[in-house]
Amino acid sequence: MKTLALLFMMLSSVSAVHAQSVVGDTQADGYRLVWHDEFETDGRLNPDDWTYEEGFVRNEEAQWYQSDNAFCQDGLLVIEGRREHFPNPRYGRSRGWRNREFVDYTSACVTTNGRHSWTYGRFVVRARIPAFTGCWPAIWTLGQQDRGHYGWPHNGEIDMMEFYQVAGHPHILANFCWGGQRQKYEGTWSTQRIPFTHFLEKDSLWGDHFHEWRMDWTADSISLYLDDELLNSVALDKTVNPQTQFFPEAGYNPFRQPHYILLNLALGGINGGPLDDTPFPCRYEIDYVRVYQRF
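Model, not experiment: these values are computed from the prediction. (Residues numbered from 1 in each chain as written. Predicted model: local features only at pLDDT ≥ 70, side-chain atom pairs only at ≥ 80, totals over all residues. Heavy atoms only, no water.)

Asker: Honestly, the pattern of salt bridges in this entry has me stumped. Any pointers?
Answerer: Where charged atoms from two side chains of opposite charge approach closely, those side chains can pair. Counted by the stated rule, this structure contains 14 salt bridges. The salt bridge partner of arginine 122 is aspartate 216, with a shortest N-O separation of 2.6 Å. With arginine 122 in strand β8 (residues 121-128) and aspartate 216 in strand β13 (residues 211-217), the pair connects residues that are 94 residues apart, well separated along the chain. The two residues arginine 122 and aspartate 216 agree in class, both being buried. Between arginine 182 and glutamate 186 there is a salt bridge; the shortest N-O distance is 2.8 Å. For arginine 182, a relative accessible area of 65% corresponds to the exposed category. It is possible to trace a salt-bridge network through shared partners that takes in Asp29, Arg122, Arg214, Asp216 and Asp228. (Salt bridge = Lys/Arg side-chain N within 4 Å of Asp/Glu carboxyl O. Helix = DSSP H or I, 4+ residues; strand = E, 2+ residues; numbered from the N terminus. Buried < 20%, exposed > 50% of the residue type's maximum accessible area, 1.4 Å probe, protein only.)

Structure (structure tokens):
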């Protein structure tokens, strides 16, 4: 009994030190951790932190988003893409490509929308992505303001990570998007598309490992990194929405307002590629999400 009690105390001490080291983590350049999720509790995500998208949402993607495909297991958030078949609950009540009679694939998109949003800071996500044709995992943010007011892209989008097919070849992307001039849903993009071979040349087993995506966001600029390699950056004096009939407000910068986080695994659609050879179920695994700010 004494041995068991001692073991329990040691394990408790290790857990406490781990929790303290994460919560009290201070970056050398003056950042302090303000929010994080380590996904340590198996089961559903904490509803105080996360919400779920539902249905066929965007980009003509093949998957039906549902909360069942996102769960915590062994210290990871797992977003699982599955091949499933059932009647579309919204068939006959949707328009265009969304009005499909059947659902053939499912996945999940989890967001902090309505729970947490931040202006500026350091955002860090450690994850292992399914680097397969047909899979379209992403780590991204959207501006909290103007959502449903002027809407996308005038609310601003930051893609810390996307993986998808460009001209039939896999790429990792790091993007910024804000309002365009000619059409309501046309954005102005600053995009970097890095061939996946660039990462495979460094590590032939790159897809088997976890990697760290980071965004450093200030009032002057945003920089996006993968394993400390700079992928893309933009100066915020260039990201002002143009004043048009679709966005009459002059001088608005969507990257000087709160943004919320989205984590999702899309399937197929306009960029994901064909799903014929995609291994199902496919897992997008997130080890942690951490947000730091300067004080």
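Structure's up, so let's keep going.
Asker: Whenever I open this one, the packing of aromatic side chains confuses me. Can you help?
Answerer: Centre distance and the angle of the planes are the two values used to describe a pair of aromatic rings. Enumeration according to the criterion identifies 17 aromatic pairs in this entry. On the basis of an interplanar angle of 40 degrees and a centroid distance of 5.4 Å, the ring pair of tyrosine 105 and phenylalanine 280 is categorised as tilted. Here the residue tyrosine 105 occupies a position in strand β6 (residues 102-107), and phenylalanine 280 occupies one in the loop between α3 (269-272) and β17 (282-294), the gap between them amounting to 175 residues. A network of ring pairs unites the aromatic residues Trp35, Phe39, Trp50, Trp118, Tyr120, Phe123 and Trp217 as a single cluster. Above the plane of the ring of phenylalanine 56 lies arginine 100, whose end atom (NZ or CZ) is 4.6 Å from the centre. In this structure, arginine 290 is placed above the aromatic ring of tyrosine 288, and the distance from its NZ or CZ to the ring centre is 3.6 Å. (Phe/Tyr/Trp six-rings, centres within 6.5 Å; stacked < 30°, edge-to-face > 60°. Lys NZ or Arg CZ within 6 Å of the ring centre and 35° of its normal.)

Asker: Would you mind showing me how to read the nonpolar core here?
Answerer: The tendency in soluble globular proteins is for nonpolar side chains to be buried side by side. Counting 51 residues, the largest nonpolar core has Ile222, Leu263, Tyr284 and Ile286 as its most contacted members. If one sorts the elements of this core by residue count, β17 sits on top with 5 residues. Membership of the second largest hydrophobic core comes to 11 residues, among which are Trp136, Ala138, Leu173 and Tyr260. (Core = buried A, V, L, I, M, F, W, Y, C linked by side-chain atoms within 4.5 Å.)

Asker: How do you make sense of the sheet that holds strand β16 (residues 259-267) when you look at a structure like this?
Answerer: Remark on secondary structure: sheet strands pair via backbone hydrogen bonds, oriented parallel or antiparallel. The strand order across the open sheet formed by 7 strands is β2-β7-β16-β9-β10-β11-β12, and the pairing between neighbours is antiparallel. Across the chains shown, the open sheet's two edge strands, defined by having one partner strand only, are β2 (51-52) and β12 (187-195). Strand direction decides the pairing type here: strand β7 (residues 109-111) and β16, joined by 3 bridges, are antiparallel. Of the residues in β16, the one forming a bridge with cysteine 109 is asparagine 264. (Pairing = 2+ DSSP bridges.)

Asker: Which parts of the structure should I look at to understand the side chain of threonine 141?
Answerer: When you line up the elements, threonine 141 lands in strand β9 (residues 135-143). A relative accessible area of 1% means that threonine 141 is categorised as buried. Side-chain polar atoms of threonine 141 contact the side chain of histidine 259, separated by 2.9 Å. (Polar contact = N/O pair within 3.5 Å; in protein donor to acceptor, adjacent residues only side chain to side chain.)

Asker: Looking at this structure, how should I read the side chain of histidine 171?
Answerer: Along the chain, histidine 171 falls in strand β11 (residues 169-179). A polar contact is formed between the side chain of histidine 171 and the backbone oxygen of histidine 169, at a distance of 2.8 Å. Apart from residues lying up to four places away in sequence, histidine 171 is in contact with Glu162, Phe163, Tyr164, Val166, Arg193, Ile194, Pro195 and Phe196. (Contact = heavy atoms within 4.5 Å.)

Asker: Is there a simple way to think about the environment of proline 130 in this case?
Answerer: Looking at the element boundaries, proline 130 is found in the loop between β8 and β9. Spatially, the C-alpha atoms of proline 130 and aspartate 208 are 8.7 Å apart, while their sequence positions differ by 78 residues. Not counting the four nearest positions on each side in its chain, proline 130 is found in contact with Cys135, Pro137, Phe163, Leu265, Cys282, Arg283 and Tyr284.

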